[in-house]
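# Summary of the model geometry
Listed here are the chains, written in short residue letters.
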Number of protein chains: 2
Amino acid sequence: MLSERVASWRHVFKLDPNRAISDGALDRICRSGTDAVIIGGTDGITFENTWELLKRVRRYDVPCYQEVSTKSAVIPEFDGFLIPVVLNAEDPRWLIGAHHEAIRLYGRYIPWERVVPEGYVVLNPDSRVARLTKARSSLSEEEVTAYARLAEHLFRMPVVYVEYSGRYGDPRLIRAARAGIVRSRLFYGGGISTPEQAREAARLADTVVVGNLIYYNVDAAVQTVRHVRETPREAGPDALR
Amino acid sequence: MLSERVASWRHVFKLDPNRAISDGALDRICRSGTDAVIIGGTDGITFENTWELLKRVRRYDVPCYQEVSTKSAVIPEFDGFLIPVVLNAEDPRWLIGAHHEAIRLYGRYIPWERVVPEGYVVLNPDSRVARLTKARSSLSEEEVTAYARLAEHLFRMPVVYVEYSGRYGDPRLIRAARAGIVRSRLFYGGGISTPEQAREAARLADTVVVGNLIYYNVDAAVQTVRHVRETPREAGPDALR
């Protein structure tokens, strides 16, 4: 099952179809030993730029998934589809509205067995995604834990995604998300640029997502694969569950 | 598992703790052969009136579930808890906000194994619940189907609940909800008062909920158990799935 495959990911790269990447850099990313390449972004995502990037990644063996942010860019040729549900969005469009519209239009053609919903908690108020979704992103640890619990138990989401997009996150809030889940997988993404950050994220999360770093230091980005693989995940605070 | 027990329900009564019911009427409801009694409502629900009603129902063997609408009235002694998520609410509080708040306060004490989330689609714009949740309740068949699909596939909800609260629904929209689901159970509630309506609802839905009728014609309400049991559910439109 797809969600089991996703559950095995320790490290993934996220590529933005709206940003240029050289063939050389893409080659290094795709041969890095990462578990998967995710293609997706917030701004300027089109069918054309997504398709172009997918074709280039398809020269490699690495699994390639689309993180869907706009229904007009969906491409069936991906190995699977990650569907973000922004749990702390104040604009219900990003919680459910855009999804409802896409399902209304394409519902009977959606290959649900290749779809993995992600319960996003957006925590960097300055990020583009926070502004777009009007995310209530100044959250206490308790509030983050509650979103994670809600994602797992009320919505049975296979993935809870702590998203800092653009800056490295507060480890206490990543731990707070962990405290809310038992079976769901914890993804962390945002601002990883040093070996220490990659290792810390690997201790706290099941899956570490590296994105932005690819575009300004591909060497360092490739190194995160090793840093994450060398680092065991710390045990969850089961006593709190 | 609780959601399997809920999945076996063909007929249930819903009692409103904020409405008076005589011992005689309650006796008839609880001995009617219904699969379960649900206690819940929209207005004036308190710990006290819920507890009073639960105590009275507990004299009988019938399973008794709480449909939670306010965190201050939750009572652990119920057999299980149904948690409505109003999918077509324009006010995100009824989609996720109230749930997040309750989970933040009580999260670690919630017996999730006894909780069944319900994906509500509220379709009577004149109902109290539609006004409270600011439900976008004038929906096309396509839109209802899309909400049902979303509930099953994105949120993995065991129950999709078509709610007309106060008047009998449009069979085309109940069928539209059915067309969107494969594994989730379809609940129908709202305005059932005649044998014909009970039978039609039983053909269209997995579980028929009878509420209001209890309070003005308990004889007719008790009869709905038989009407529902005698009626097979019609086959789903699998070709559309």
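Treat the numbers as computed from the prediction; the structure is a model and nothing was measured.

Our next topic: the overall build of chain A. When its secondary structure is counted, chain A shows 10 helices and eight strands. A compact globule built from 241 residues should have a C-alpha radius of gyration of about 18 Å, and chain A, at 17 Å, falls within 12% of that. Excluding contacts between residues fewer than 6 apart, the proportion of contacts in chain A whose partners are at least 24 apart in sequence is 72%. Carbon and sulfur atoms form 49% of the exposed surface of chain A, whose accessible area is close to 9,800 Å². Separation of charge centres in chain A, based on 33 positive and 31 negative side chains, amounts to 1 Å.

Residues and elements named next belong to chain A. On the surface, a cluster of nonpolar side chains totalling about 350 Å² of accessible area is made up of Leu 105, Tyr 106 and Tyr 109. Mapped onto the elements, Tyr 109 comes out in the loop between α4 (97–106) and β5 (115–122). Tyr 109 gets classed as exposed once you look at its relative accessible area, which sits at 63%.

This part covers helix α10 (residues 218–229) of chain B. All names here are of chain B. When the terminal C-alpha atoms of α10 are compared, their 18 Å separation across 12 residues agrees well with the 16 Å that a helix rising 1.5 Å per residue should span. By the burial criterion, the buried members of α10 are Val 218, Ala 221, Val 222, Thr 224, Val 225, His 227 and Val 228. On the buried face of α10, the contacting elements are β1 (11–15), α2 (23–30), α8 (195–204), β8 (207–210) and α9 (213–216).

Once that is clear, we can look at the packing of aromatic side chains. Residue and element names in this part refer to chain A. Going through the model one piece at a time under the given rule, you end up with 15 aromatic pairs over all chains. Aromatic pair Phe 78 and Phe 81: ring centres 6.3 Å apart, planes at 70°, arrangement edge-to-face. The buried category is assigned to Phe 81, whose relative accessible area is 5%. Between Tyr 161 and Phe 187, the aromatic rings sit 5.7 Å apart at their centres with planes inclined by 45°, giving tilted as the arrangement. Here the residue Tyr 161 occupies a position in strand β6 (residues 159–163), and Phe 187 occupies one in strand β7 (residues 185–189), the gap between them amounting to 26 residues. For Tyr 161, a relative accessible area of 0% corresponds to the buried category. Taking the relative accessible area as the measure of exposure, Phe 187 reaches 0% and is therefore buried. One aromatic cluster is present, built from ring pairs that chain together Trp 9, Tyr 65, Tyr 120, Tyr 161 and Phe 187. For Arg 93, the ring lying beneath its charged end belongs to Trp 94, and the centroid distance is 5.5 Å.

All names here are of chain A. Within the closed barrel, the eight strands sit side by side as β1-β2-β3-β4-β5-β6-β7-β8. Their pairing is parallel. Taken pair by pair, the neighbouring strands of this sheet meet at an average axis angle of 30°, ignoring direction. Here strand β4 (residues 80–86) pairs with β5 via six bridges, running parallel. When the bridges of β5 are listed, Pro 84 appears paired with Glu 118. Each of β6 and β7 is contacted by helix α7 (residues 171–180), which is oriented at about 165° to β7, the strand it contacts most.

Now for the interface of chain B and chain A. For interface size, the figure often reported is the accessible area lost on association. Contact residues are listed per partner, giving 30 residues for chain B and 30 residues for chain A. Both sides of the chain B and chain A interface together cover about 3,100 Å² of buried area, and 71% of this is carbon and sulfur. The largest contributions to the chain B side of the interface with chain A come from His 100, Leu 154 and Arg 156 of chain B, which together make up 22% of the buried area. At the junction of chain B and chain A, the tally comes to two salt bridges. Taking the shortest distance from any N to any O, the salt bridge between Arg 104 of chain A and Glu 142 of chain B comes out at 3.7 Å.

Under the criterion given, the structure shown has 40 salt bridges over all chains. The residue Lys 55 of chain B makes a salt bridge to Glu 52 of chain B at a minimum N-O spacing of 3.4 Å. With Lys 55 of chain B and Glu 52 of chain B both in helix α3 (residues 47–57) and three residues apart, the pair spans about one turn of that helix. Classification of Glu 52 of chain B as partly exposed rests on a relative accessible area of 41%. Among the charged side chains, a network of salt bridges with common partners joins Arg 178, Arg 185, Asp 206 and Arg 233 of chain A.

Before going further, it helps to examine the UniProt feature "binding site: sn-glycerol 1-phosphate" (unreviewed entry) in chain A. Residues and elements named next belong to chain A. Mapped onto the present numbering, the UniProt feature "binding site: sn-glycerol 1-phosphate" (unreviewed entry) falls at Lys 14, Tyr 161, Val 162, Glu 163, Tyr 164, Ser 165, Gly 166, Gly 191, Gly 211 and Asn 212. You can see Val 162 is positioned in strand β6. Classification of Val 162 by relative accessible area gives buried; the value is 0%. Apart from the residues within four sequence positions on either side, Val 162 is in contact with Val 121, Leu 123, Ile 174, Ala 177, Leu 186, Phe 187, Tyr 188 and Gly 189. Structurally, the position occupied by Gly 191 is in the loop between β7 and α8 (195–204).

With that settled, consider the UniProt feature "binding site: Mg(2+)" (unreviewed entry) in chain A. Residue and element names in this part refer to chain A. Following the UniProt record, one finds the feature "binding site: Mg(2+)" (unreviewed entry) at Asp 16 and Thr 42. Their sequence span is 27 residues, while the largest C-alpha to C-alpha distance among them is just 8.4 Å; these annotated residues converge on one region. In this structure Asp 16 comes out as buried when scored by relative accessible area, which is 17%. Setting aside residues up to four positions removed in sequence, Asp 16 forms contacts with Gly 40, Gly 41, Ile 45, Leu 53 and Tyr 215. You can see Thr 42 is positioned in the loop between β2 (36–39) and α3 (47–57). Apart from the residues within four sequence positions on either side, Thr 42 is in contact with Arg 128, Val 129 and Leu 132.

Thresholds, definitions, all that
- Residues numbered from 1 in each chain as written.
- Chains lettered and ligands numbered in written order.
- Predicted model: local features only at pLDDT ≥ 70, side-chain atom pairs only at ≥ 80, totals over all residues.
- Heavy atoms only, no water.
- Helix = DSSP H or I, 4+ residues; strand = E, 2+ residues; numbered from the N terminus.
- Rg over C-alpha atoms; globule rule 2.2 N^0.38 Å.
- Contact = heavy atoms within 4.5 Å.
- Areas by Shrake-Rupley, 256 points an atom, 1.4 Å probe, with all protein chains shown as cover.
- Lys, Arg positive; Asp, Glu negative; His and termini not counted.
- Charge placed at Lys NZ, Arg CZ, Asp CG, Glu CD.
- Patch = residues over 30% accessible without salt bridge, like charges linked within 9 Å, V, L, I, M, F, W, Y side chains within 5 Å.
- Salt bridge = Lys/Arg side-chain N within 4 Å of Asp/Glu carboxyl O.
- Buried < 20%, exposed > 50% of the residue type's maximum accessible area, 1.4 Å probe, protein only.
- Expected span 1.5 Å × (residues − 1).
- Phe/Tyr/Trp six-rings, centres within 6.5 Å; stacked < 30°, edge-to-face > 60°.
- Lys NZ or Arg CZ within 6 Å of the ring centre and 35° of its normal.
- Pairing = 2+ DSSP bridges.
- Axes fitted to C-alpha atoms, helices over the stretch in contact; angles between N-to-C directions.
- Buried area = accessible area lost by both parts, 1.4 Å probe.
- UniProt positions renumbered as here; feature names shortened; annotations may be inferred.

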